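# Observations on chain architecture
Here's the letter readout for the chains.
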Amino acid sequence: VNNDNKYLVERDITANDIRARILIVPQIIKNSISDSASTVEVEINGYKQTLNLDKSHRYIGGVTQIYKDCGLINQDNSFVQKKSKWKIENGKIVITIE
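### Remarks on the packing of aromatic side chains
Counted under the stated rule, the structure contains 0 aromatic pairs. We note Lys87 situated over the ring of Tyr7; from NZ or CZ to the ring centre the distance is 4.7 Å.

Structure (structure tokens):
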């Protein structure tokens, strides 16, 4: 059985996360990130990108456009909370926003 396709963790993206334009990194994913990393390779809903990590690796920044593309920020700037599912595949963080 190939466990690569199983998501490790689900996390709600809250209105506060959206307002702050950050994506909180779940602990199980955070544990897999190199201590010296300042960016992280992610694939969000099929789009690959390199995003910035804060020093404590608690959150990923630079997600405003992603939030807009994924429907978390509407054109009237209202917020839609959604679930995010996380896994690690070939050393890359893969996130699905539902």
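### Some points on the sheet that holds strand E3 (residues 39–44)
Strand order across the open sheet formed by 5 strands is E1-E6-E7-E3-E4, with mixed pairing between neighbours. Taken across any chain shown, the strands that pair with only one partner, and hence form the sheet edges, are strand E1 (9–13) and strand E4 (47–52). Strand-to-strand twist in this sheet, taken as the mean axis angle between neighbours without regard to direction, amounts to 35 degrees. Inspection of the sheet shows strand E6 (residues 82–89) paired to strand E7 (residues 92–97) by 6 bridges, in the antiparallel sense.

### Notes on the side chain of Ser84
With respect to the secondary-structure elements, Ser84 resides in strand E6. A polar contact is formed between the side chain of Ser84 and the side chain of Trp86, at a distance of 2.9 Å.

### A look at the nonpolar core
Among the nonpolar cores identified, the biggest contains 22 residues, and Leu23, Ile44 and Ile60 are the most heavily contacted of them. For this core, the secondary structure elements donating two or more residues are E3, helix H3 (64–69) and E7. The residues contacting Ile44, other than those within four sequence positions of it, are Leu23, Leu51, Ile66, Cys70, Ile95 and Ile97.

### Let's talk about the confidence of the model for the chain
In this model, the chain carries a mean pLDDT of 93, and residues with pLDDT of at least 70 account for 96%. Across the chain, the element-wise mean pLDDT spans from 95 in E4 up to 98 in strand E2 (residues 23–24).

### Overview of the environment of Val42
On the secondary structure map, Val42 appears in strand E3. Looking at Val42, the relative accessible area reads 0%, which means it is buried. Distance from Val42 to Lys68, taken between C-alpha atoms, is 17 Å for residues 26 residues apart in sequence. Apart from residues no more than four positions distant in its own chain, Val42 is found in contact with Tyr47, Lys48, Gln49, Leu51, Ile60, Lys92, Ile93 and Ile95.

Reading guide: rules and limits
- Residues numbered from 1 in each chain as written.
- Predicted model: local features only at pLDDT ≥ 70, side-chain atom pairs only at ≥ 80, totals over all residues.
- Heavy atoms only, no water.
- Phe/Tyr/Trp six-rings, centres within 6.5 Å; stacked < 30°, edge-to-face > 60°.
- Lys NZ or Arg CZ within 6 Å of the ring centre and 35° of its normal.
- Pairing = 2+ DSSP bridges.
- Helix = DSSP H or I, 4+ residues; strand = E, 2+ residues; numbered from the N terminus.
- Axes fitted to C-alpha atoms, helices over the stretch in contact; angles between N-to-C directions.
- Polar contact = N/O pair within 3.5 Å; in protein donor to acceptor, adjacent residues only side chain to side chain.
- Core = buried A, V, L, I, M, F, W, Y, C linked by side-chain atoms within 4.5 Å.
- Buried < 20%, exposed > 50% of the residue type's maximum accessible area, 1.4 Å probe, protein only.
- Contact = heavy atoms within 4.5 Å.
- pLDDT = per-residue confidence, 0-100.

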